[in-house]
Amino acid sequence: MFRQTLSILLGAFMALTALAAHADAALGAKYHPHAEKVINNVYAIVGPLGQRSAENDGLNANYGFIVTREGVILIDSGPSRLGAQKLEAAVRKVTEQPVRWVINTGSQDHRWLGNDYFAAQGAEVVAMQRTAATQAEDATQQMQGLERFLGARLAGTKPLPATKTLAGDHATLTLGGIKLELAYTDTHYPGDARVWLPKQRVMFSGDLVYVDRLLAVLPWSSVKNGQKAFKALAALKPMRIVPGHGRVCDLAQAQRETGDYYDFLAEKVGTAAREMEPMDATLDRYADVPAFRHLKNYSDLHRANMNRAFTQFESQ
Ligand SMILES: [Zn+2]
């Protein structure tokens, strides 16, 4: 009755939507991540493809973990304390082992703002040096941005950049008997890295690979690095890829939905830019590329992506 009266008073669909969002925040956010097996002892947690929200606790990205005899290696820690707790609950359904290590593949909010939660329980937080440096630089701004999406559900979140940093462009480490190889991709966000399990042939690509949805070229993303890093990833011939966003996939799908798109941006749009063709005419010419049309967010992102790619290649 109260709700009805209220909806009449507010009188709009938008108001109802806002009300529903608040109800979710108050009730504890409906989305609960769950783990799926990639190969023995290696799991993926595939997040929703849409935007961060109080409802999904900002877990709109993929995560993963590896169960070892000495504890769990978690790949990325979520965007908040509550998000980290939800990831932990998903791990808990698979194993009783504690999360002993967290590896960050990037410095975007949903990759690392849960670090503090796991560190407080004794986990060591590992990342490449520039990933950790970017985390420290962007922390304040990211917390402010997340507040808009998560509101009160950001409470208790303390930014903790990775404490164990790895020097060089490549790093190999063995944790709990599992060999992991990290390397920069520097594609979607500066300091982005991927984690490769050479024995299992599983790739946690971080935000280098997007499937099911179109990747986003942000003002600070690098199309050139994306093309190069994707070729390097493909050369390893991964058997399974846990992408940054989208379902777990094989190399062929990653090639079609990410590798080919970076090639398109670099070769079609980039070439036009270097040859000083007018930008508008170029964007119009490639306004619709059927090969990528089926991807979610295509109509929202494709033109803006080309615009940024054009600008990048124009100045190179
Ligand atoms: Zn992402």
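Residues numbered from 1 in each chain as written. Predicted model: local features only at pLDDT ≥ 70, side-chain atom pairs only at ≥ 80, totals over all residues. Heavy atoms only, no water.

**Overview of the overall build of the protein chain**
Put simply, the test is: Secondary structure is summarised from DSSP: a helix means a run of H or I of at least four residues, a strand means a run of E of at least two, and numbering begins at the N terminus for each. Throughout, the radius of gyration refers to the C-alpha atoms, and the reference size of a globule is 2.2 Å times the residue count to the power 0.38. Remark: exposure states derive from per-residue accessible area (1.4 Å probe, protein chains only) relative to the maximum for the residue type, with buried under 20%, exposed over 50%, and partly exposed in between. Each accessible area value is a Shrake-Rupley result obtained with a 1.4 Å probe; residue values ignore everything except the protein chains displayed when judging cover.
Each helix and strand counted, the protein chain has 10 helices and 12 strands in total. A compact globule built from 316 residues would reach a C-alpha radius of gyration of about 20 Å, and the protein chain, at 20 Å, matches this within 12%. Along the three orthogonal principal directions, the C-alpha set of the protein chain runs to about 60 × 60 × 35 Å. Across the 316 residues of the protein chain, 53% fall into the buried class. For the protein chain, the accessible area works out to roughly 14300 Å², and carbon and sulfur atoms hold 55% of it.

**Thoughts on the coordination of the zinc ion**
Note the following rule: For Na, K and Ca the donor cut-off is 3.2 Å; for every other metal, N, O and S atoms count as donors within 2.8 Å. Water does not enter the count, which can leave sites looking incomplete.
Around the zinc ion, the protein contributes the donor atoms D207 (OD), D207 (OD) and H245 (NE2), which lie 2.2 to 2.7 Å from the metal centre. Of the two residues, D207 is situated in strand 11 (residues 202–210) and H245 in strand 12 (residues 240–245); the sequence distance between them amounts to 38 residues. Judged by its relative accessible area of 2%, D207 is buried.

**Here we look at the pairing of strand 1 (residues 35–39)**
Our working definition: Only when DSSP finds a minimum of two bridges between them are two strands counted as paired.
Summarising the sheet, strand 1 and strand 2 (residues 42–45) pair through four bridges and their orientation is antiparallel. Residue pairing across strands places A35 opposite I45, the latter belonging to strand 2. Adjacent in sequence and paired antiparallel, strand 1 and strand 2 are bridged by two residues, among which N41 carries a positive phi angle near 70°.

**Details of the pattern of salt bridges**
To keep it simple, the criterion reads: Whenever Lys or Arg places a side-chain nitrogen within 4 Å of a carboxyl oxygen from Asp or Glu, that contact is recorded as a salt bridge.
Under the criterion given, the structure shown has 15 salt bridges. The shortest N-O distance in the salt bridge between D109 and R52 comes to 2.8 Å. Taken together, the residues D109 in helix 4 (residues 109–112) and R52 in the loop between strand 2 and strand 3 (63–68) connect sequence positions 57 residues apart. With respect to class, D109 is no different from R52; both count as buried. Put simply, E70 and R100 hold a salt bridge, and the shortest N to O gap is 3.8 Å. With a gap of 30 residues between them, E70 in the loop between strand 3 and strand 4 (71–75) and R100 in strand 5 (residues 99–103) connect regions that are remote in the sequence. Where salt bridges share partners, they join D57, K86 and R153 into one cluster.

**A few points about the nonpolar core**
Across soluble globular proteins, nonpolar side chains show a tendency to be buried alongside one another. We count it as follows: The nonpolar core is taken to be a set of buried Ala, Val, Leu, Ile, Met, Phe, Trp, Tyr and Cys residues, with the residues joined through side-chain atoms within 4.5 Å. What makes two residues a contact is simply this: any of their non-hydrogen atoms within 4.5 Å.
The biggest cluster of nonpolar side chains holds 25 residues, and the ones touching the most others in it are I66, I73, I103, L180, L182, L197 and F204. Sorting the residues of this core by element identifies strand 2, strand 4, strand 5, strand 6 (124–128), strand 8 (170–175), strand 9 (178–184), strand 10 (193–197) and strand 11 as the ones contributing at least two each. No other element matches strand 9, which puts four residues into this core. In contact with L182, not counting residues within four places along its chain, are I103, M128, L166, D169, H170, A171, L173, R194 and V195.

**Some points on the confidence of the model for the protein chain**
When pLDDT is low, close inspection of the predicted coordinates is not appropriate. Cut-off, in case you're wondering: A residue's pLDDT is the confidence the predictor assigns to it, expressed on a 0 to 100 scale.
Taken over all residues, the pLDDT of the protein chain has a mean of 92, while the share at 70 or more is 91%. Of the regions scoring below 50 in pLDDT, residues 1–26 engages in 11 contacts with residues more than four places distant in sequence or in other chains.

**A look at unusual backbone geometry**
One non-glycine residue, N41, adopts positive backbone phi at about 70°. Within the secondary structure, N41 sits in the loop between strand 1 and strand 2. On the accessibility criterion, N41 (41% relative accessible area) is partly exposed. Residues other than glycine seldom take positive phi values, yet D186 does so here, at roughly 50°. Accessibility expressed as a relative area gives 18% for D186, which makes it buried.

**Quick word on the environment of D186**
Within the element layout of this structure, D186 appears in the loop between strand 9 and strand 10. Residues D186 and V102 lie 84 residues apart in sequence; the distance between their C-alpha atoms is 20 Å. Apart from the residues within four sequence positions on either side, D186 is in contact with R130, G191, D192, S222 and N225.

**Focus on the sheet that holds strand 10**
Where we set the bar: Note on method: axes are straight lines fitted to C-alpha atoms, helices fitted across the in-contact stretch only, with angles between N-to-C directions ranging 0 to 180 degrees.
Reading across the sheet, the five strands line up as 8-9-10-11-12 and stay open at both edges, with mixed pairing between neighbours. Two strands in the sheet have a free side with no partner beyond their single neighbour: strand 8 and strand 12. When the angles between neighbouring strand axes are averaged without regard to direction, this sheet yields 25°. The pairing of strand 8 with strand 9 spans six bridges and is classified as antiparallel. Within strand 9, the position partnered with H170 by the bridge is A183.

**Brief notes about the sheet that holds strand 2**
Across the sheet, seven strands lie side by side as 1-2-3-4-5-6-7; this open sheet has mixed pairing. The open sheet is flanked by strand 1 and strand 7 (164–166), the only strands paired with a single partner. In this sheet, adjacent strand axes meet at a mean angle of 25° when their direction is disregarded. Two elements, strand 6 and strand 7, share three bridges in a ladder whose sense is parallel. Bridge pairing in strand 7 places V126 opposite K164. Across the sheet, helix 3 (residues 81–92) lies against strand 1, strand 2, strand 3 and strand 4, angled at about 45° from strand 3, the strand it touches most.

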